[in-house]
Amino acid sequence: RLVLPRRPSVDGVLMAARYSPASAAVGMGGDWYDAVALDDDRICVVLGDVSGHGLGAIAEMTQIRAVVRTLASGGVALPEVVARTSAQVGQEDGVYATLLVATVDTATGTVGYVTAGHPPPLLRRPDGTVEVLRHGRHPVLGVDAGIRPAGCAAFPPGSTLVGYTDG
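Residues numbered from 1 in each chain as written. Predicted model: local features only at pLDDT ≥ 70, side-chain atom pairs only at ≥ 80, totals over all residues. Heavy atoms only, no water.

## Here's the deal with the overall build of the chain
- Helix and strand counts for the chain stand at two helices and nine strands.
- For the chain, the α and β elements follow one another from N to C terminus as β-β-α-α-β-β-β-β-β-β-β.
- Burial status across the chain gives 39% buried among its 167 residues.
- Considering only intrachain contacts with a sequence separation of at least 6, the fraction spanning at least 24 residues in the chain is 61%.
- For the chain, the computed accessible surface area is about 9000 Å², with 52% contributed by carbon and sulfur atoms. (Helix = DSSP H or I, 4+ residues; strand = E, 2+ residues; numbered from the N terminus. Buried < 20%, exposed > 50% of the residue type's maximum accessible area, 1.4 Å probe, protein only. Contact = heavy atoms within 4.5 Å. Areas by Shrake-Rupley, 256 points an atom, 1.4 Å probe, with all protein chains shown as cover.)

And the structure:
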């Protein structure tokens, strides 16, 4: 519970999270989620997965999560968040991670997003249709590929953004 983040509050956004560790003995692995209220209208949601298991993966995860949180809360653009985090991860031997960073903006009714080797988020629209958000793709963290553009989609009231890990 000490490692899992509190969910922030943003008007017009209902957030739910579920963390189910693969190993009850450790209680946590390299998968993580986070959320940062950027202002009254925007929330940044983050999901990631560090390669490996056990305490080493947990330690790497907390470091990567701190870098992403700091950059996102500092107003750094999503593609730059990925590039800087990837550069940081690339300095560690044998560490790779996936990442999804998305910013929901209730004022503009949009969601901007980037993925770095992470499964794409799903967007359920108010009419029940579901779209796989496939833009804004980057290689896994730790592999330098420069800065690529973010994806963006309409996010009207009643929409649901679903992020997940493969773990």
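## A short note on the pattern of salt bridges
- This structure, assessed with the given rule, holds four salt bridges.
- Between arginine 42 and aspartate 39 there is a salt bridge whose closest N-O contact spans 2.9 Å. (Salt bridge = Lys/Arg side-chain N within 4 Å of Asp/Glu carboxyl O.)

## Structural notes on the packing of helix α1 (residues 54-73) against helix α2 (residues 78-90)
- Running from N to C, α1 and α2 cross one another at 150 degrees; their axes reach a closest spacing of 10 Å. What the angle tells us is that α1 and α2 run roughly antiparallel. α2 is crossed by α1, and the crossing has right-handed handedness. On α2, the residues that touch Ile64, Val67, Val68, Leu71 and Ala72 of α1 are Val81, Arg84, Thr85, Gln88 and Val89.
- The residue inventory of the contact of α1 with α2, partitioned by class, reads seven nonpolar, two polar and one charged. (Axes fitted to C-alpha atoms, helices over the stretch in contact; angles between N-to-C directions. Parallel < 35°, antiparallel > 145°, perpendicular 65-115°, else oblique. Left-handed = near helix turned anticlockwise from the far one by under 90°. Nonpolar A, V, L, I, M, F, W, Y, C, P; charged D, E, K, R; others polar.)

## Comments concerning α1
- Between its first and last C-alpha atoms α1 spans 28 Å; for 20 residues at 1.5 Å apiece the expected length is 28 Å, and the two agree.
- Among all positions of α1, only Ala57, Ile58, Glu60, Met61, Ile64, Arg65, Val68, Leu71 and Ala72 are buried. End-on, the buried residues of α1 take up no more than an arc of 165 degrees, which puts them together on one face. For α1, the exposed residues lying more than 90 degrees away from the buried face are Leu55 and Thr70.
- Looking at the packing, one finds that the buried side of α1 touches β1 (31-37), β2 (42-50), α2 and β3 (97-105).
- Within two residues after α1, glycine 75 carries a phi angle of roughly 85 degrees, on the positive side. (Expected span 1.5 Å × (residues − 1). Arc of directions from axis to C-beta.)

## Things to note about the confidence of the model for the chain
- Per-residue pLDDT for the chain averages 86, and the proportion of residues at 70 or more is 84%.
- Mean pLDDT values over the elements of the chain span from 86, in β1, up to 98, in strand β8 (residues 151-154). (pLDDT = per-residue confidence, 0-100.)

## Describing the environment of valine 162
- Its location among the elements puts valine 162 in strand β9 (residues 160-162).
- It is 7.9 Å that separates the C-alpha atoms of valine 162 and arginine 124, two residues lying 38 residues apart in sequence.
- In this structure, valine 162 is in contact with Pro121 and Leu122, ignoring residues within four places of it in sequence.

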